[in-house]
Amino acid sequence: MATAILSIDMTALVENWHSLNTMAQAETGAVVKADAYGLGLAKVAPALARAGARSFFVAMAEEGAELRKILGEGPQINVFSGHMPGDTALIREAQLTPMLNSVDQMLVHVESLPGHPFGLQLDTGMNRLGMEDAEWRALRDLALDQSPTLVMSHLACADEADHEMNARQLQTFREMTEGIDVPRSLAATGGILLGSDYHFDMVRPGIGLYGGLPFVDARPVVELHIPVIQIRDVAVGETVGYGNTWVARSPSRIATISAGYADGVIRGMGPKAQLHTGASAVPVVGRISMDMIGVDVTGLAEEPETLELIGSHQSVDTVAGFADTIGYEILTSLGGRYKRIYV
Ligand SMILES: *Cc1c(COP(=O)(O)O)cnc(C)c1O
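The rules behind the values
- Residues numbered from 1 in each chain as written.
- Predicted model: local features only at pLDDT ≥ 70, side-chain atom pairs only at ≥ 80, totals over all residues.
- Heavy atoms only, no water.
- Axes fitted to C-alpha atoms, helices over the stretch in contact; angles between N-to-C directions.
- Helix = DSSP H or I, 4+ residues; strand = E, 2+ residues; numbered from the N terminus.
- Parallel < 35°, antiparallel > 145°, perpendicular 65-115°, else oblique.
- Left-handed = near helix turned anticlockwise from the far one by under 90°.
- Contact = heavy atoms within 4.5 Å.
- Phe/Tyr/Trp six-rings, centres within 6.5 Å; stacked < 30°, edge-to-face > 60°.
- Buried < 20%, exposed > 50% of the residue type's maximum accessible area, 1.4 Å probe, protein only.
- Domains from an automatic or database assignment.
- Buried area = accessible area lost by both parts, 1.4 Å probe.
- Salt bridge = Lys/Arg side-chain N within 4 Å of Asp/Glu carboxyl O.
- Polar contact = N/O pair within 3.5 Å; in protein donor to acceptor, adjacent residues only side chain to side chain.
- Nonpolar A, V, L, I, M, F, W, Y, C, P; charged D, E, K, R; others polar.

(A) Spatial organisation of the packing of helix α3 (residues 41-51) against helix α4 (residues 61-71). Packing of α3 against α4 leaves a shortest axis separation of 10 Å and a crossing angle of 60 degrees. Considering the angle they form, α3 stands oblique to α4. For the crossing formed where α3 meets α4, the hand is right-handed. Residues Leu41, Ala42, Ala45, Pro46 and Ala49 of α3 form the contact with α4, whose own contacting residues are Glu63, Glu66, Leu67, Ile70 and Leu71.

Shown next, in the form of structure tokens:
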């Protein structure tokens with residue numbers, strides 16, 4: 001079988017949630033947007049619910065509706081994008097809690113679904129989503145009258161503990177929410193690690209659950225093993241792959257493995273990427289194709305049947321480094337062709 005195997009360690013996932021929950025001086029939610037960062041919402045969300053998560057966060061209402069089907073009644077499902085035109089029926093039927101981002105969203109929400117729960121999102125400097133200070137001042141009393149479930153904001157630089165932006169946003173969040181009697185939330189994974197000042201009443205980890213930085217103590221959750229389709233000898237001066245970008249300088253053994261950029265192995269990582277067989281590292285050679293990658297396996301004592309791209313020898317973040325990106329992008333790019341195994 002040419003299908004690469006993506007194995008997802010559910011024990012590690014749940015342990016990561018427990019570790020963050022132990023660290024947090026607050027309720028620990030779970031961010032499961034983008035199909036649980038590419039790992040599979042239908043498996044990940046129930047496992048986290050069983051572990052004790054009661055509040056889930058998604059990016060948009062459609063994701064929330066899918067999650068409601070998976071989890072059933074009970075858990076709170078919060079939607080970061082708030083209440084967008086066209087979302088009303090989904091929000092009502094799936095009992096979603098939109099995190100309202102503007103006066104306009106607030107008006108849409110209270111007019112279309114009076115009495116339906118909602119949260120509020122404030123901008124404390126990231127300039128992505130949420131109400132700015134002036135808008136918030138104008139709306140504050142009216143909004144608080146309707147008992148929002150949560151007031152939240154998001155940190156722009158929490159993965160850099162020493163960044164001055166963190167303290168600045170913390171200060172702004174405190175000023176904007178001082179004295180209100182509503183649960184507050186500021187921290188995602190990075191914010192949890194910044195310490196209890198940042199935890200407030202609810203924390204919202206995503207990447208840390210899935211084994212990625214900045215949670216350095218996370219247990220790895222993902223392994224990706226790619227089958228070798230063919231191995232060939234390549235003589236000095238011969239080339240491998242599209243564009244002849246790699247030329248053999250010595251007699252080489254080249255394995256062609258069965259994954260490519262259509263599976264999320266980003267084409268640009270080619271020149272820097274390596275895989276593993278056991279503890280031995282083997283470099284990618286030539287350009288990454290849509291479904292195949294050349295790997296130099298010269299000198300290995302045994303011909304490998306599969307090669308490991310992500311696993312115990314190199315983390316998601318190491319692989320991200322090959323493409324000058326972050327673990328989040330590697331996880332959410334994992335393609336639909338892998339056989340996913342939940343262990
Ligand atoms: C994605 C997201 C999170 C989770 O962030 P991680 O860095 O993955 O922990 C939390 N809050 C908001 C608003 C987000 O967009």
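On we go.
(B) Representation of the packing of aromatic side chains. Counting across every chain of the model gives 4 aromatic pairs. On the numbers, 5.0 Å between centres and 90 degrees between planes, the contact of Phe173 with Phe200 is edge-to-face. In this pair, Phe173 is assigned in helix α8 (residues 164-177) and Phe200 in the loop between α9 (189-193) and β10 (202-203), connecting sequence segments 27 residues apart. Phe200 shares its class with Phe173; the two are buried. Here the aromatic cluster, defined as three or more aromatic residues joined through ring pairs, consists of Tyr37, Tyr210 and Tyr328.

(C) Local environment of the domain arrangement of the chain. Each assigned domain of the chain is listed with its residue range as follows: domain 1 (10-210) and domain 2 (222-342). If you look at the interface, domain 1 gives 9 residues, while domain 2 gives 8 residues. Roughly 800 Å² is buried in total at the junction of domain 1 and domain 2, and carbon and sulfur atoms are behind 73% of that figure. Contact with domain 2 buries area across many residues of domain 1, yet Tyr37, Leu39 and Ile207 alone supply 53% of it, more than any other trio. Inspection of the domain 1/domain 2 interface yields 0 salt bridges. Counting every contact that joins domain 1 to domain 2 gives 2 residue pairs in polar contact (both at pLDDT 80 or more). Of the residues in the side of domain 1 that touches domain 2, the class split is 6 nonpolar, 2 polar and 1 charged.

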